[in-house]
Amino acid sequence: MKQLGDKAEQGPAVVNVTQPPAEGAQKLETGFPGLDVVRFSAALMVALYHFTYVGPDRLGPEGAELLRAFAPAQPITASLWIAVQIFFVLSGIVIAFSAQGRSAAEFLRRRALRLYPAAIICATITLALWPKPEWPGRYVRSIALWPIGPWVSDVYWTLAVEVGFYALVALALAIRGQRGVMRLGDLLVLAGASWWLLRIVNFTAGDPLRPLIDVIQSADPLVMLNNCCFFGLGMILYEWRARGSSRRSAALIFIAVTTCLAAVISTWRGFGFRSAETIVATPPAIWLFALILMVLALRRGGRAQRQSPVIRQIGLATYPLYLVHAEVGIALMLLLQPIGAIAALAMALVGVLLLVIAILFGEQLLRKAMVHAFSRLGSFTLCLSRPPR
């Protein structure tokens, strides 16, 4: 396993929970606003993880000094990488919901309109602030959401996993429609359970299956097998909310939760934390608490209701917050270090959130341009498909 700081909702879960209303309709939307709150909280958790545990010490003596100031909080903040696994469950829920009634092409179009504007803006800001070696390739890979890095920021690795998940959902839609999407959740859970069972058996037996595991991992550059149980759990939770409980769904949820906990504990072991920094129970406890909040949000949501504009903006802000927080926030903390570590942390969070507000406006403009481009492309394709007169 690699550290989040090295390879870094997942963000977060990275899609909006609510569908836009039809043209001319009242602003009553069917969604799960509680999930937006969970998702925004997860983004703040990732920010605290980078600001207080893995980020500043990469930047020389000043950064190391800043990091030492947060030592009392590190038994907790060192476990906040778990927010990425929270993002993946959220993404499973949201994508199962947003894929309803969509063709594969429409699903991919909506995902592109959701992801690319912020990726382009945030990658540009990050590159301007922290130019890195071989920056042209990093920048192109980042704005294209290319699944293989390196990117302008390590946090983009989760987008590669998300894009792989979206590709599977689009394939399921193309092959079997909505039924295919629901069955995809089952397959992801069972694939994840099989993978982690193999790894656990190998570990307890003294690593005799290492060659087989290495071959499988080399064929899975997006580490989908490590994370597919989280996406599958989210999809099954949505199906449980939409269709009601059954023995099948209860069994799959049990298998998924057990597998996810095994994945979380394995990730904790792979990070190589010192016992003084964190304990093994902390990440699973945080993840289970977030899972309970997601279940409660599912039970309370799903009805046509007037959405709170504040909650909606919180949901929309999560994605750009996740993409820019690391480089921008750490730069602000180092700049503000003379006022004290805690004050620098607070001001860095405020500064990043203000930047995110500006990014949201830029996203809207870029998204409109993309919608216009898609419209023109659709008209051009339609013209080409018409028989000549």
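In this text the structure is predicted, and so the values were computed from the model without any measurement. (Residues numbered from 1 in each chain as written. Predicted model: local features only at pLDDT ≥ 70, side-chain atom pairs only at ≥ 80, totals over all residues. Heavy atoms only, no water.)

Description of the confidence of the model for the protein chain
Our working definition: Each residue carries a pLDDT score, the predictor's confidence in it, ranging from 0 to 100. Think of it this way: any DSSP run of H or I at least four residues long counts as a helix, any run of E at least two long counts as a strand, and we number them from the N terminus. Any pair of residues with heavy atoms lying within 4.5 Å of one another is described as a contacting pair.
Averaged over every residue, the pLDDT of the protein chain is 82; the share at 70 or more is 83%. Taken element by element, the protein chain is modelled with least confidence in helix α1 (residues 4-7), mean pLDDT 37, and with most confidence in helix α5 (residues 83-98), mean pLDDT 94. For the stretch residues 1-29, pLDDT sits under 50, and the model shows 113 contacts to residues farther than four places along the chain or on other chains. Confidence drops under a pLDDT of 50 for residues 380-389, and excluding neighbours within four residues, the segment shows zero contacts in the predicted structure.

A closer look at unusual backbone geometry
Just so we agree on the cut-off: Only protein chains enter the accessibility calculation, which uses a 1.4 Å probe. A residue is then buried if its area is under 20% of the maximum for its type, exposed if over 50%, and partly exposed in between.
The residue after Gly-149, namely Pro-150, is reached through a cis peptide bond having omega 5°. Along the chain, Pro-150 falls in the loop between α7 (135-143) and α8 (157-204). Backbone geometry places Asp-207, a non-glycine residue, at a positive phi of 70°. Relative to the assigned elements, Asp-207 resides in the loop between α8 and α9 (210-218). For Asp-207, a relative accessible area of 37% corresponds to the partly exposed category.

Comments concerning α5
Quick reminder of the rule: To estimate how far a helix should reach, multiply one less than its number of residues by 1.5 Å.
Its 16 residues place the ends of α5 22 Å apart at the C-alpha level, agreeing with the 22 Å of an ideal helix rising 1.5 Å per residue. Within α5, 16 of the 16 residues are buried, which leaves it mostly tucked inside the rest of the structure.

Quick word on the nonpolar core
For clarity, the threshold we go by: Definition used in this section: a nonpolar core is a set of buried Ala, Val, Leu, Ile, Met, Phe, Trp, Tyr and Cys residues joined via side-chain atoms within 4.5 Å.
Counting 109 residues, the largest nonpolar core has Leu-233 and Trp-287 as its most contacted members. Considering every element that reaches this core, the biggest residue donor is α8, with 17 residues. In contact with Trp-287, other than residues within four places in its own chain, are Ile-82, Gln-85, Ile-86, Val-89, Phe-230, Leu-233, Val-257, Cys-260 and Leu-261.

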